[in-house]
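If you want the building blocks of each chain, they are given just below.
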Amino acid sequence: MKIIKNLGLVIFITGLAIWTASIFMGDFTLQQEQLDSFISEKGIKSELVAQKISDNVVGKKLGTFAFTGAVRDALAQNNDYYDAQIAKYDAAKEWDKKGEQYQYRINDKDFQAFSFSLAKKAGTGFIVENKGLMWFLTFGLGILGALMFIFPNLVLLGKPGIKNDHVYHEAATNRGWIAWLVLVYLVLFYLVLYFNADYVVNWTFILDPISNALNGGDASQWFVYGFLYCVIMITMAVRMYIKYRHNKYQIVRTTSVLFFQIVFAFLIPEIMASLGKPGYDFKNAFPLDYDFFFEWNLQSLTESGGLGIFILVWGVVLTLVIVPVMVYFFGKRWYCSWVCGCGGLAETLGDPYRQHSNKSMKAWKLERWLIHSVLVFSLVMTLVTLYCYFTGAEAFLGINSQWIKDTYSFLIGAWFAGVIGTGFYPIFGNRVWCRFGCPLAAYLGFVQRFKSRFRITTNGGQCISCGNCSTYCEQGIDVRAYAQKGENIVRSSCVGCGVCSAVCPRGVLKLENGPEAGRINPTQVLLGNDVDLMDYVNNKEAS
Ligand code: SF4
Ligand code: SF4
């Protein structure tokens, strides 16, 4: 079994190495007609940029970085020229001429998208000609290797029951060198995906056939991300099924997040796009779906007829009615641990790192400050955006609408949720984003803390203070401290993953949604001589 496991590891690393090396493979040769059609499709007014690309790129056989570098240089030279023109007309106080120059500049934020689109047209060589083979050598080997590594656990882990033996003795799970390597790889992956997608255009060629079958178009970097996300979740879900095979709650919960990710977050939006409709993830609630009220989205939805209006109404009802009502009955777990894509990745890919959540009071304090600040940030941004959308103004209360949207998208949408939120799993634990950054989690947490049936009851008398529950709580809750006091856990950050209960050797912890009537106050420490416990039992039975 160990041989199969080791062989699986080698195959997986080979697949990953080919996937990484594929960035550098293949050639890019742009034809003049391709450039001309691109310039007219995009409505680019600057002749200079077309000329520069024509001189430096067209007809040449270039590698990935030479190609994207040359295109970006051409865009930069174009902007430098027009910036000089703007400065010149500004000095001469020729305002009309100065104003005219702006239309010829290319927005600096669009450089990577510009270069990506051209690279997509210009790709030639091994990857473009062997997409199926490349899929097998990357995804195929990766999946095969990972499954060969995971399946022997059925035997190696022995009888059903959670075995976390050796987690603090292995470099992959004890913040050792393997964990740091994984962190570096994940962080680089997100940096490239968000900010330099043109460098990884070869990845999109590999998935073009699947993208074409699903939505009728070639793959973008977001298609690659969505597909990869599903593949990783499915593969790591197999690991969850084996590890938690005695625990029905974990099996059903894992199946649920898989279903919502594959069907709602991936397939439905792709199919909608293939039908010319706005691709929408029906489970993605605002403010996690932070651009739901952005002008471009409101405009696209209002122009998409009945379906667009339905999505608009659904999005509002989901956030204002469905989310809080469901949290009242089931706690925030219904979303964070059963439905959400971020939670789904955290619970599958991130499961080996759940022990790294910081349990200190300082971390708890930081968590409350950060997560509520992000919630306020997202609400202020939305308020400014809506005000400007309906009035046509550019700013509200002195806050520029475009600036605040860009800032939120960059800091929270890209850096916090992606680069840090997932990249830092191996060191900070698997719920960094959910615990410290997600504005929806903050909203759900309010409802859970102050008006919800959900709680974790603790049978304190049985607790042997082993600390397993606290160690494996991904949200940094010191579960043992509550268990020792026999106190119910009603914490806004608890995502109801149920792992504290699953790892408890004494059956102390129970996740419950029972009626509120007849409950013992969760913040009271009850002793037998303070209260007649039989009264509570009888009252509860009567209610
Ligand atoms: S307290 Fe238990 S159920 Fe809640 S997040 Fe922590 S481990 Fe999961
Ligand atoms: S895992 Fe169970 S026995 Fe161990 S400290 Fe937590 S509640 Fe107590």
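For the structure given in this document, a descriptive report is provided here. Only a predicted model underlies this, so the values are computations on that prediction, with no experimental measurement involved. (Residues numbered from 1 in each chain as written. Chains lettered and ligands numbered in written order. Predicted model: local features only at pLDDT ≥ 70, side-chain atom pairs only at ≥ 80, totals over all residues. Heavy atoms only, no water.)

Under the counting rule described, the total for this entry stands at 44 aromatic pairs. With a centroid separation of 4.9 Å and 85° between ring planes, the pair formed by Tyr 81 and Tyr 82 is classed as edge-to-face. With relative accessibility at 42%, the residue Tyr 81 sits in the partly exposed group. Between Phe 189 and Tyr 225, the ring centres sit 6.2 Å apart and the planes meet at 40°, which makes this aromatic pair tilted. Placement of the pair is Phe 189 in helix H10 (residues 177-195) and Tyr 225 in helix H12 (residues 221-243), with a sequence separation of 36 residues. (Phe/Tyr/Trp six-rings, centres within 6.5 Å; stacked < 30°, edge-to-face > 60°. Buried < 20%, exposed > 50% of the residue type's maximum accessible area, 1.4 Å probe, protein only. Helix = DSSP H or I, 4+ residues; strand = E, 2+ residues; numbered from the N terminus.)

Moving on, we get to the pattern of salt bridges. All chains considered together, the criterion is met by 24 salt bridges. Here Glu 474 ties to Arg 431 by a salt bridge, and the two come within 3.2 Å at their closest N and O atoms. Within this pair, whereas Glu 474 is found in the loop between helix H23 (468-471) and helix H24 (479-485), its partner Arg 431 is found in the loop between helix H20 (425-428) and helix H21 (432-436), the two being separated by 43 residues in sequence. Measuring nitrogen to oxygen at the nearest pair gives 3.3 Å for the salt bridge that ties Arg 455 to Glu 512. Here the residue Arg 455 occupies a position in strand S6 (residues 455-458), and Glu 512 occupies one in strand S7 (residues 509-512), the gap between them amounting to 57 residues. With relative accessibility at 4%, the residue Arg 455 sits in the buried group. Salt bridges linked by common partners bring Arg 239, Lys 243, Arg 253, Glu 347, Asp 351, Arg 354, Arg 431 and Glu 474 together as one network. (Salt bridge = Lys/Arg side-chain N within 4 Å of Asp/Glu carboxyl O.)

The next thing to look at is the side chain of Ser 211. Mapped onto the secondary structure, Ser 211 falls in helix H11 (residues 201-215). Given the relative accessible area of 0%, Ser 211 is considered buried. In terms of polar contacts, Ser 211 uses its side chain to reach the backbone carbonyl oxygen of Asp 218, at 3.4 Å. If sequence neighbours within four positions are ignored, Ser 211 has contacts with Gly 216, Gly 217, Asp 218, Ala 219 and Phe 223. (Polar contact = N/O pair within 3.5 Å; in protein donor to acceptor, adjacent residues only side chain to side chain. Contact = heavy atoms within 4.5 Å.)

Now for the site of ligand 2. What surrounds ligand 2 is a group of 14 residues, the closest being Cys 463, Cys 466, Gly 467, Cys 469 and Cys 504. At the level of elements, H23 and H24 are the ones that each hand at least two residues to the shell around ligand 2. Split by residue class, the shell around ligand 2 holds 9 nonpolar, 3 polar and 2 charged. (Near = heavy atom within 4 Å. Nonpolar A, V, L, I, M, F, W, Y, C, P; charged D, E, K, R; others polar.)

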